[in-house]
Amino acid sequence: MNNASMPSTYSYHLENQNRHLLFASIFWQTLACSILTALLSEFSSSSKTSNIGLSMEFHGNCKRIFQEDDLRQIFMLTVEVLQEFSRRENLNAQMSSVFQRYLALANQVLSWNFLPPNLGRHYIAMFESSQNVMLKPTELWRETLLDIRVMELFFTVHRKIREDTDMAQDSLQCLAQLASLHGPVFPDEGSQVDYLAHFIEGLLNTINGIEIEDSEAMGISSVFSNLITVFPRNVLTAIPNELFSSFVNCLTHLTCSFGRSAALEEVLDKDDMVYMEAYDKLLESWLTLVQDDKHFHKGFFTQHAVQVFNSYIQCHLAAPDGTRNLTANGVASREEEEISELQEDDRDQFSDQLASVGMLGRIAAEHCIPLLTSLLEDRVTRLHGQLQRHQQQLLASPGSGSIDNKVLDDLYEDIHWLILVTGYLLANDTQGETPLIPPEVMEYSIKHSTEVDINTTLQILGSPGEKASSIPGYNRTDSVIRLLSAILRVSEVESRAIRADLTHLLSPQMGKDIVWFLKRWAKTYLLVDEKLYDQISLPFNTAFGADTEGSQWIVGYLLEKVISNLAVWSSEQDLANDTVQLLVTLVERRERANLVIQCENWWNLAKQFARRSPPLHFLSSSVQRTLMKALVLGGFAHMDTDTKQQYWTEVLQPLQQRFLNVINQENFQQICQEEEVKQEITATLEALCGIAEATQIDNVAILFNFLMDFLTNCIGLMEVYKNTPETVNLIIEVFVEVAHKQICYLGESKAMNLYEACLTLLQVYSKNNLGRQRIDVTAEEDQYQDLLLIMELLTNLLSKEFIDFSDTDEVFRGHEPGQAANRSVSAADVVLYGVNLVLPLMSQDLLKFPSLCNQYYKLITFICEIFPEKIPQLPEDLFKSLMYSLELGMSSMSSEVCQLCLEALTPLAEQCAKAQETDSSLFLATRHFLKMVFDMLVLQKHNTEMTTAAGEAFYTLVCLHQAEYSELVETLLSSQQDPVIYQRLADAFNKLTASSTPPSLDRKQKMAFLKSLEEFMANVGGLLCVK
């Protein structure tokens, strides 16, 4: 194929065919469409290009020439055909089929990933067609796409074919692409405003007053989403006010309508949740709009937020207040709803949705907070009444088992959704940040604080057993605190039902929701830190600020809730888990913990857990682990020395004592597999993990010394339980947690103690696994949990080289000051011993498990980065195995693994350069890697994100093997038959190393080389990559 003549040949044919096609027979129209579709596929991206042995640059140039002229011709031709079809009244089946093909062709053109005029360094990545391409044509398309008739045609086409599911999807996709139009095609802002105004008019005319089909929901939401996210906000606000207002009203109407349909889909458990997806997309669009206070004044979207919020609440409440479980014609749907064990909790499954609704609720706080309060208070009263009726019924006829739970179930489901929405409205999700009271909530409370009677507010908060409306002056309370107190009233009804032996009538889901909410609330509001806010609400400060009776009362109340739940719901693992997470929240901040330890209940809980008395010993092991973490964190609250000593004596000593009593029995070897003994051992190991998880810089001295005494005994248990994998894994996990949480705080001598313990653990593990074959390729990943844990342990030990907060052993001053005399076990010794252990076991089959594979490569990269000097000292077979792993990672693993391997090469090559041993195995291996990295950068398609890691490795390898590098370049150049390409490549290679001749391991030179490499890749990156 001749590069220069190729596109013009197509252009000539297209211009000639254009006129004939409209009048051709259906056969010829179909054939023409098939040829054009194939043509577009051929030029659209490298993955679809035919393998004809030409460079990627050639393919790229062809694509650019094609997109500027021929692609436009094809589009105009398609538009004419669509126009012709849209004028015809009754289309027969054959004509509809042709119509659909041309519509799909138009969609293909509008979804084209346009190459920019100048090739940047991301050229190869740009050449790939990505999933969601926004329409960004060059200015040559201006006349075609800014012609309003084109846009109107696609609206007309959609109106004509919208009832045909397949065609409607194509026509909506075309409209969604036109809604994403941006870039140089617009000459100025005015043209963008005109285009957007015409588009919105067309959109509103198309969808106003029609009943939307299921197949249209996703497409329509994409159109709205693209308009809101792609067009700059100043363009959106520049369209006529009335039009913008109609647009937002339409968005509101659609959001409410899709929300109702989504709720229905969920009830009917449909496989294809089209409305749910469309609803999520519209909610995201709302967030984009409402968070922009620069272009929209405060309160601009309040009424719309109220409508969307109301409709969400309505969909999730049972009749008569809501429409939950009602099908389209108002008939209640199926009676029993089976809840699958594997089903994700609503608060996780719908977290994005709830976050959006919570945000909208805050914007309209004046309406939404009182609404949630009244709905919750009403449900509390009804729930209380129902439970009382059931109790009377049970007392009247104890034997009758026929209680109708339908009303209760509906109430529980209502309360479930109301608590979730309240949780997301009052507090944000915060990962790793200090949670702050949302500004809208704070402002709302401050604004009304002059109308609030603080004493009545505190009375409503402090008397959850009474109806809010029975308290005199209840309407003069802070609305946010009253909403919290509504949830405390739900909690109180639950507690009273438990005391009245009605636990069997309660919903564990409601129990979970209550403690989830209380944890979320406590993190954000309890003991609010005034320093974090410009101004603070007086009711908040009085009710749950520092040094207030309110905060002391609420801490006591929450602690009581935790203790009650652990006693009653020990068999409900998720509920017990949420409960102990609430407990951790109460003690993880010192200020809150100081209040917790003043409660007698706390001390009782600690003693009860230490004695492992029922019902706490029924809790699952993971819950016991978290409970131990909470008890340890609580021990670092402010207490006088004697009290603190007493606390540790009651919490930690019994653990040690019972453990020693079990393992020091003479017949321990014989009884170790008895269920009771195993349970005791497991409980102790879980508790140790919990203690390690509670580590903080100010408690590490006490906890490390306490845990070290156990670690030695744990190694002995490895021998005893060598044939019980779950116990072995738990023992290793104790070491993993200790290393993970404590290594960064340990000074030299303490770190050495831990290294020695880990080395002994690995030696015992190695002895017990000697000769153990792992050849079961059908085995599940969790059967290799021990390997995963050992690699995690080694990685954690290595992390000290990166993150070290220790100040020699300053943190341990006063805790066993003894120095490490004549001992020198280093992290390197432990880690390399561990690698000797792991490498032979890591077969190619095991690398198919993603978690094992990632952990393995993370570990070997860490080792190469931290101890490169140790690599050449490995035994020959292990050294070969390690090099093979790196080669495998670079050639046949994921891009993340490939990047890790490239990062490992740089320190290895630097080590070689330092040692200057040209006959070493490592030197020879790096020569092989030079060729691999050279091929990867110059000859193969690779992920552009890896260019930096590959470039760094490449430069270091070039410094090490300059002659071999020159040879590789010469070989490549001599294979070029085209003198033009030869010259371009020769110039590019000369320019690449010009800044670093001769190359040396100098940072400045390396940076200059990496910059030159970027230019090299942009210039000839697609020249040698052949397809």
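Asker: What is the right way to read the overall build of the protein from this model?
Answerer: Scanning the protein from terminus to terminus reveals 45 helices and zero strands. For the protein, the residues scored as buried account for 53% of the 1027 residues in total. At a minimum sequence separation of 6, the contacts of the protein that also span at least 24 residues come to 78%.

Asker: What is the right way to read the nonpolar core from this model?
Answerer: One broad trend across soluble globular proteins is that nonpolar side chains are buried collectively. Residues Phe 154, Leu 754 and Leu 902 are the most contacted members of the largest nonpolar core, which totals 337 residues. Not counting chain neighbours up to four residues away, the residues in contact with Phe 154 comprise Phe 75, Val 79, Leu 82, Leu 103, Ala 106, Leu 110, Cys 174, Leu 175 and Leu 178.

Asker: Would you explain empty space enclosed by the protein in this entry?
Answerer: Which parts of space are left empty comes out when a probe the size of a water molecule is rolled across the atoms. Scanning the entire structure with this criterion turns up five cavities of 30 Å³ or more. Here the largest cavity is characterised by a volume of approximately 80 Å³. Along the wall of the largest cavity there are 13 residues; nearest its centre are Phe 609, Ala 610, Arg 612, Met 628 and Leu 655. For the lining of the largest cavity, the per-class residue count stands at 10 nonpolar, one polar and two charged. Within this model, the second largest cavity holds a volume of roughly 60 Å³. In terms of lining residues, the second largest cavity is bounded by Gly 259, Ala 262, Ala 263, Glu 266, Met 276, Tyr 279, Ser 311, Tyr 312, Cys 315, His 316 and Gln 353. Every element with two or more residues in the lining of the second largest cavity is listed here: helix H12 (241–268), helix H13 (274–290) and helix H14 (302–315).

Asker: Help me understand a nonpolar patch on the surface in this model?
Answerer: Together, Phe 27, Trp 28, Leu 31 and Ile 35 give the surface a local cluster of nonpolar side chains, amounting to about 450 Å² of exposed area. Take Ile 35: it is sitting in helix H2 (residues 26–44).

Asker: So what exactly am I meant to see when it comes to the packing of aromatic side chains here?
Answerer: Any two aromatic rings considered together are summarised by their centre-to-centre distance and by the angle between their planes. Applying the stated criterion across every chain yields a total of 41 aromatic pairs. Judged by centre distance (4.9 Å) and plane angle (65 degrees), the ring pair of Phe 296 and Phe 301 falls under edge-to-face. Each member of the aromatic cluster is reached from another via a ring pair, and the members are Phe 224, Phe 244, Phe 247, Trp 286, Phe 296, Phe 300 and Phe 301. The lysine or arginine in question, Arg 88, covers the ring of Phe 85, its NZ or CZ lying 5.3 Å from the ring centre.

Asker: Which parts of the structure should I look at to understand the pattern of salt bridges?
Answerer: This structure, assessed with the given rule, holds 39 salt bridges. Put simply, Asp 147 and Arg 149 hold a salt bridge, and the shortest N to O gap is 2.8 Å. Owing to a relative accessible area of 23%, Asp 147 belongs among the partly exposed residues under this scheme. Residue Arg 149 is classed as exposed on the basis of its relative accessible area, which comes to 59%.

Asker: Sorry if this is basic, but what is going on with a negative patch on the surface here?
Answerer: Together, Glu 163, Glu 211, Glu 213 and Asp 214 make up a region of like negative charge exposed at the surface. Looking at the secondary structure, you find Asp 214 in the loop between helix H9 (189–207) and helix H10 (217–230). You can call Asp 214 partly exposed: its relative accessible area is 43%.

Asker: What should I look at first to understand helix H22 (residues 508–525) in this one?
Answerer: A turn of α-helix holds 3.6 residues, and therefore any two residues three or four places apart point the same way. Its 18 residues place the ends of H22 25 Å apart at the C-alpha level, agreeing with the 26 Å of an ideal helix rising 1.5 Å per residue. Within H22, 14 of the 18 residues are buried, leaving the element largely enclosed by the surrounding structure. Directly after H22, the chain includes Leu 527, whose backbone phi takes a positive value near 55 degrees.

Scoring rules and cut-offs
Residues numbered from 1 in each chain as written. Predicted model: local features only at pLDDT ≥ 70, side-chain atom pairs only at ≥ 80, totals over all residues. Heavy atoms only, no water. Helix = DSSP H or I, 4+ residues; strand = E, 2+ residues; numbered from the N terminus. Buried < 20%, exposed > 50% of the residue type's maximum accessible area, 1.4 Å probe, protein only. Contact = heavy atoms within 4.5 Å. Core = buried A, V, L, I, M, F, W, Y, C linked by side-chain atoms within 4.5 Å. 1 Å grid on protein atoms, 1.4 Å probe; cavity = no way out; pocket = protein on both sides within 12 Å on 5 of 7 lines; lining within 4 Å. Points joined across faces, edges and corners; volume = space filled by probe spheres on them. Nonpolar A, V, L, I, M, F, W, Y, C, P; charged D, E, K, R; others polar. Patch = residues over 30% accessible without salt bridge, like charges linked within 9 Å, V, L, I, M, F, W, Y side chains within 5 Å. Areas by Shrake-Rupley, 256 points an atom, 1.4 Å probe, with all protein chains shown as cover. Salt bridge = Lys/Arg side-chain N within 4 Å of Asp/Glu carboxyl O. Phe/Tyr/Trp six-rings, centres within 6.5 Å; stacked < 30°, edge-to-face > 60°. Lys NZ or Arg CZ within 6 Å of the ring centre and 35° of its normal. Lys, Arg positive; Asp, Glu negative; His and termini not counted. Charge placed at Lys NZ, Arg CZ, Asp CG, Glu CD. Expected span 1.5 Å × (residues − 1).

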